[in-house]
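Descriptive analysis of the structure
As a plain string of letters, each chain reads:
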Amino acid sequence: MSKYAENYSLPELMAATVAREIRDGELAFIGVGMPLMAATVAKFTTAPNFNMMVEYGAAGPSPRRLPMCVNCAVNCERAYYTGSQREVMGAQQAGFVDVACISGAQIDRFGNLNSSVIGEYKNPKVRLAGSGGANDLASSANRTIIMMRQDGRNFVEKLDYLTSPGYLDGPGARERAGLHGGGPVAVVTTMGVYRFDAETCEMYLEKIHPGVELEKVKAAVKWDLAVSPNLEVTEPPTEEQVMIMRTLDPLAVYLGTGRATLTGDFEAFMKMFENSYQPMVDLMKSKGL
Amino acid sequence: MSKYAENYSLPELMAATVAREIRDGELAFIGVGMPLMAATVAKFTTAPNFNMMVEYGAAGPSPRRLPMCVNCAVNCERAYYTGSQREVMGAQQAGFVDVACISGAQIDRFGNLNSSVIGEYKNPKVRLAGSGGANDLASSANRTIIMMRQDGRNFVEKLDYLTSPGYLDGPGARERAGLHGGGPVAVVTTMGVYRFDAETCEMYLEKIHPGVELEKVKAAVKWDLAVSPNLEVTEPPTEEQVMIMRTLDPLAVYLGTGRATLTGDFEAFMKMFENSYQPMVDLMKSKGL
Amino acid sequence: MRYQPIEAKPGRAKPAVKKVMTAQEAVSRFIHENTYLGMSVSAAPAALIWEIVRQKDRIKSLDLTITSQIGMSSVLIGTGLVRKLEMAYNWGGIEGEDKVFRRAAEKGIPRPIEIEEYSNFGMAMRWQAGALGIPYMPLKSMLGSDIPKYNPKIKVVDDPYTNRPVALVPACNPDVAIMHCARADEIGNVQALGLYGNSDTLARAARHVIVSVEEIVTQDEIRRFPNLTTIPYYYVDAIVHAPFGAHWRESTYYYHHDLAYGLDVYRQFGTQEGYEAWIDKYVLGTADWDDYCRLVGYDRLNRLRLSEQKYQKFGEVR
Amino acid sequence: MRYQPIEAKPGRAKPAVKKVMTAQEAVSRFIHENTYLGMSVSAAPAALIWEIVRQKDRIKSLDLTITSQIGMSSVLIGTGLVRKLEMAYNWGGIEGEDKVFRRAAEKGIPRPIEIEEYSNFGMAMRWQAGALGIPYMPLKSMLGSDIPKYNPKIKVVDDPYTNRPVALVPACNPDVAIMHCARADEIGNVQALGLYGNSDTLARAARHVIVSVEEIVTQDEIRRFPNLTTIPYYYVDAIVHAPFGAHWRESTYYYHHDLAYGLDVYRQFGTQEGYEAWIDKYVLGTADWDDYCRLVGYDRLNRLRLSEQKYQKFGEVR
């Protein structure tokens, strides 16, 4: 295994952490952005036989450039299947998705997520994107991994709107609601990694990111956060993991300020593709993919 | 128009009669056998822009040889669409099929059909094929045309089993049952052509085949058959209609004794294809298809 | 008995006739005031959306049904054309926060928007029910969430077979569906390539279907690969030839997403004034899609095509 | 709280590993006594059916689910392997009356058969529900007919949206599905070509899937046309290479239906003795599918291929 990187960003740490949650041979439902980075890192390192499904109709792609969207043409690149959303979402409802990454603007102690509104539903302070596929994945995927920012206000006692079910109000609630997917197994945030207790379904802090103080984490959670008695520090990304992410996303479109760089700059955008083509091809070849 | 044929068989008369029921531009759901003959005749004569759908997943084929089955490869020949049964049967449930040909072993005065059992359902005297798609078509196609033998026993007062709905027990019954297709508009048999009365939904004799006596028809119907006051004689097939049928099916596999001829005789079977290829290609070319 | 034969009503199948027309003609003919409009996400029907905006004074108001839209629906919403939005997701994707949507939903600018929400598969299954001619679909999403709580059209009931909860969603049959696909012949046999989301289902559910395509191909090209026909002609009313017709979004095998452009548009959409200035120049200020493409620059569009085809091309592995 | 993390159960997805095996191996591994077996009609999985018959002493009894079968199911039914048949249609098609089925259904020869009946789309929608992981599907077939009267699994209820009758059919998830398709790669990405009935849906509904194919192709060939993948690898357990594997039926683009042969088989199936003589010679008397093809004659099979390809070939219009 490659040694730990000395320089890495917080998003890179999060993506590497999620990459370690993906097991070889699995079928994962991946959105773009950070989850895609995690998936690519996993496939190029510990999980070469894992495959991605993409929401708008692709399975098993091996893209050599940055997908821009869950319905991006890039997601078709060298895929085993391309076509309809029904195929992908139908398979996931039927239990074929091992692991899915989802997110939200708010989360509660049972891993329920809100990505619809802040404030009152009918008169929102902030209108958000809505469920998209997040509710479907949270309902039916075998397990979900939640990735989100922790901004001090969004780990709440009560969600403004429950978009995507975690464990609802605790043990047995998913079953009673008729959900057949497994629910969340991890929450990877800008501060640490959380798990859910098998007895209570409540979130607890398992790992804390390097340099983050426990008191800060607790202050960023609106309920009385449970902390593992064996609290660990999150494993940093390896040099190889960081190299892979930077080869796929050299301008840090997903993991940094790339979007600002590219706004309105077509030449920079074209150059990004031109410069990353050969390194990506070489990298994939070296991995036998 | 081509003049009437002097020599033609009863199946050829029936197929030509059904061909005249198909209008140009329609989408028709066609099984193999006699309905296919009718459809081919229609497409090559009065309805060049009509297209066929085939139950196991094809739309718009232009076959130049005899399909052997509703799921035969021949039905894919030069088709616009090939693929799943869901496409074809889904479209038909949603009301996209203008006209469908179906059949049955028994029929009653309201055009309900039995193709499942003769005798008691649980202990049948004769076990038949079952609904297949006939029930679906009878339920949802815009209109159906029924083709069947009339053997003296099978136009019954009461069906042994109602496989495919006609007008059920009369006016309004289809609506009450929740059916949204239009029901049968014609029954073409070995003896004549029947329609359904708009007021009573009951079948009446509209046309009688050349040379058939009315009393024989009445005797072959177990209820008191209504006969149109303007009873006509069925129009014979034209020379062109007969020529088309004999080009497509030179051994009369569907309209005669071809099956007996071919049983076990591979050379005769291969020769049938070899001999009919060029005439069919020429015929289609002459029709601009 | 009057011996008047029962005759059938005309069927729903569209005829097998030439259907190629301009976007201007297709939109004029099928989209009117209060049309219930379905819109695909993959590929984005930009050329058709632009044309709807050009005809906004005639059309006045639309009810919109989408599963998700990533960026493109804002072009309509910002005009005030959209009275109601049935949706699972409406946002900018990689281009970021959808300020146009936020202004409409939070402040009613330029017009209050009624929102009816589902999960992605929930909304997709409404189209699926519509496509199959059945009144509803049961599904195992949205259970336990707040989505049904705020949407009375979703019924959570016990399934009569297992006595376990299931969510029902009613069929959706839009008046008109618009979508962008790879190719079609002149009579409307459409072959979407790559991933195409729910465009196949939406076309089957809608009463009228307008498809813009990258290429118009011969009937023989369709017949070479009849398994690739995603929308047979009997569903389709109009074929609009619109090369690059999904720009700034992508069209698989044809061209790549123009991210530099999309980010810039979204920056401008940050204010209603910015939105209007952009619409005035790029949509209302162009006569048709070709004119828009000239304004963006065919040199730029061709570079996006080369970029896509360096990585993938129909029928090849690159 | 014990700080023991919740862990997930393993998912249903089959791994992306090599799955090519012989029919003998695939049948031994997945089909056992009382297996609930789903069988496609297009193309007919003859090579796999023959192998099940060869292993009949081990398998003893099967419950069979089909939409329709045209001829081929008799090969199983005549052995007495089939305890129960869920079906919409079971007959000889152009080969005529299915005497094997009639003997079983009317006289219990060689074994009484329990029949559970649906319309074709009704049965197909049971697989569709199974494929989507939902408990049932509503449909607008079978209403007013006697089909629901004799099948309590079909529930006619009022749809909660329109208060109009609708027929519900429960999900069907067979233990094993068998089917014959055009081509697949070694890890099980399957591309059926031409018309393929419900094989796509059946594969999604079944717990295990065995696919025999005309050709095993490279992963790159699959990736050339990812839109043609009808069954992605994650549904598939076994790929069996069986050229001419649907004989006496057809395989689109590969070979034509062997009608002269089918008619002759059906003639022999007219009596139970005739059936048994045929099975003894052509199925039990052959070691595997290649052996059967030798008995039929590869010269004959190749002529069927030439006959089909004179009219149509994948990727061409002829």
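Residues numbered from 1 in each chain as written. Chains lettered and ligands numbered in written order. Predicted model: local features only at pLDDT ≥ 70, side-chain atom pairs only at ≥ 80, totals over all residues. Heavy atoms only, no water.

Remarks on the overall build of chain A
Heads up, the condition is: Think of it this way: any DSSP run of H or I at least four residues long counts as a helix, any run of E at least two long counts as a strand, and we number them from the N terminus. Based on C-alpha atoms, the radius of gyration is set beside the globule rule, defined as 2.2 Å times the residue count to the power 0.38. Think of it in three bands: residues with accessible area under 20% of the maximum for their type are buried, residues over 50% are exposed, and the middle band is partly exposed, with areas taken using a 1.4 Å probe on protein chains only. Residue contacts are counted whenever heavy atoms from the two residues lie within 4.5 Å of one another.
Helix and strand counts for chain A come out as nine helices and 14 strands. For chain A, the C-alpha radius of gyration of 19 Å lies close to 19 Å, the compact-globule estimate for 289 residues. On the principal axes, the C-alpha backbone points of chain A span a range of 50 × 45 × 40 Å. With 289 residues in all, chain A has 68% of them scored as buried. Long-range pairs, those at least 24 residues apart, make up 66% of the contacts in chain A between residues at least 6 apart in sequence.

Points about the confidence of the model for chain C
What counts, and what does not: Per-residue confidence from the prediction method is given by pLDDT, with values spanning 0 to 100.
Residues with a pLDDT of 70 or more make up 100% of chain C, whose mean pLDDT is 97. Of the two predicted TM-score estimates for the complex, the pTM is 0.98 and the ipTM is 0.97.

Brief notes about the interface of chain B and chain D
Quick note on the threshold: Here the buried area means the combined drop in accessible surface, using a 1.4 Å probe, for two parts upon being joined, counting both sides. Salt bridges are defined by distance alone: a side-chain nitrogen of Lys or Arg within 4 Å of a carboxyl oxygen of Asp or Glu. Pairing of N or O atoms within 3.5 Å defines a polar contact, subject to two protein rules: one partner must be a possible hydrogen donor and the other a possible acceptor, and residues neighboring in sequence count only if both atoms are side-chain atoms.
Taken together, the contact between chain B and chain D spans 68 residues of the former and 67 residues of the latter. Between chain B and chain D lies a buried interface of about 5,600 Å² when both sides are counted; carbon and sulfur atoms form 56% of it. Broken down residue by residue, the surface that chain B buries against chain D is led by Tyr56, Arg127 and Phe266 of chain B, which jointly contribute 12%. Our count for the chain B to chain D interface comes out at four salt bridges. Residues arginine 65 of chain B and glutamate 308 of chain D are paired through a salt bridge, measuring 3.0 Å at the closest nitrogen-oxygen approach. The tally of links from chain B across to chain D stands at 37 residue pairs in polar contact (both at pLDDT 80 or more).

Brief notes about the nonpolar core
Note the following rule: We define the nonpolar core as a collection of buried residues of types Ala, Val, Leu, Ile, Met, Phe, Trp, Tyr and Cys that are connected through side-chain atoms lying within 4.5 Å of one another.
Phe269 of chain A, Phe269 of chain B, Trp50 of chain C together with Trp50 of chain D are the most contacted members of the largest nonpolar core, which has 443 residues in total. Once you skip the residues sitting within four places of it in the chain, tryptophan 50 of chain C turns out to touch Met72, Val75, His247, Trp248, Trp278, Tyr282, Val283, Trp289 and Tyr292 of chain C. Judged by nonpolar contacts, the second largest core, of six residues, contains Tyr136 and Val166 of chain C together with Tyr136 and Leu168 of chain D.

Things to note about the interface of chain A and chain D
Contact with chain A, which involves 42 residues of that partner, is made by 32 residues of chain D. Around 3,200 Å² of area is buried between chain A and chain D when both sides are counted, 54% of it from carbon and sulfur atoms. Ranking the residues of chain A by area buried against chain D places Tyr80, Glu87 and Phe96 of chain A at the top, with a combined share of 23%. Counting across the interface, chain A meets chain D through two salt bridges.

Quick word on the sheet that holds strand S5 (residues 99–102) of chain A
All names here are of chain A. Under the convention used in this document: Paired strands, as defined in this entry, are two strands with at least two bridges between them according to DSSP. For helices, the fitted axis covers only the stretch in contact; all axes are lines through C-alpha atoms, and the angles between them, taken along N-to-C directions, range from 0 to 180 degrees.
With mixed pairing, ten strands are arranged side by side in an open sheet as S4-S3-S2-S1-S5-S10-S11-S12-S13-S14. Two strands bound the open sheet, and with one partner strand each, they are strand S4 (81–82) and strand S14 (226–233). Bridge analysis of strand S12 (residues 192–196) against strand S13 (residues 203–208) gives five bridges, and the strand direction is antiparallel. Looking at S13, one finds that phenylalanine 196 is bridged to methionine 203. Strand contacts of helix H1 (residues 10–19): S5, strand S10 (143–148), strand S11 (184–189) and S12, with the helix running at about 175° to S10, the strand carrying the most contacts.

Topic: the sheet that holds strand S9 (residues 165–170) of chain D
Residue and element names in this part refer to chain D. Sheet architecture is open: three strands sit in the order S7-S9-S8, paired in antiparallel fashion. Two strands close off the open sheet at either side, each with one partner strand: strand S7 (136–139) and strand S8 (155–158). Across this sheet, the average inter-strand angle for adjacent strands is 35°, counted without regard to direction. When S8 meets S9, the two strands line up antiparallel, connected through four bridges.

Examining the packing of helix H9 (residues 266–286) of chain B against helix H12 (residues 298–311) of chain D
When two helices pack together, their arrangement is given by the angle between the helix axes and by the axis-to-axis distance. Quick note on the threshold: Each angle gets one of four labels, with under 35 degrees taken as roughly parallel, over 145 as roughly antiparallel, 65 to 115 as roughly perpendicular, and the rest as oblique. Left-handed is the label given to a crossing in which the near helix is rotated counterclockwise from the far helix by less than a right angle, and right-handed is the label when the rotation is clockwise. Gly falls in the polar group here, along with every residue not listed as nonpolar (Ala, Val, Leu, Ile, Met, Phe, Trp, Tyr, Cys, Pro) or charged (Asp, Glu, Lys, Arg).
The interhelical angle for the contact between H9 of chain B and H12 of chain D, taken along N-to-C directions, is 20°, at an axis separation of 12 Å. Relative to H12 of chain D, the element H9 of chain B lies roughly parallel. The interaxial crossing formed by H9 of chain B with H12 of chain D has left-handed handedness. Contacts between H9 of chain B and H12 of chain D pair Phe266, Glu267, Phe269, Met270, Phe273, Glu274 and Tyr277 of chain B from the former with Arg300, Arg303, Leu304, Ser307, Lys310 and Tyr311 of chain D from the latter. Considering only residue class, the contact of H9 of chain B with H12 of chain D consists of seven nonpolar, one polar and five charged.

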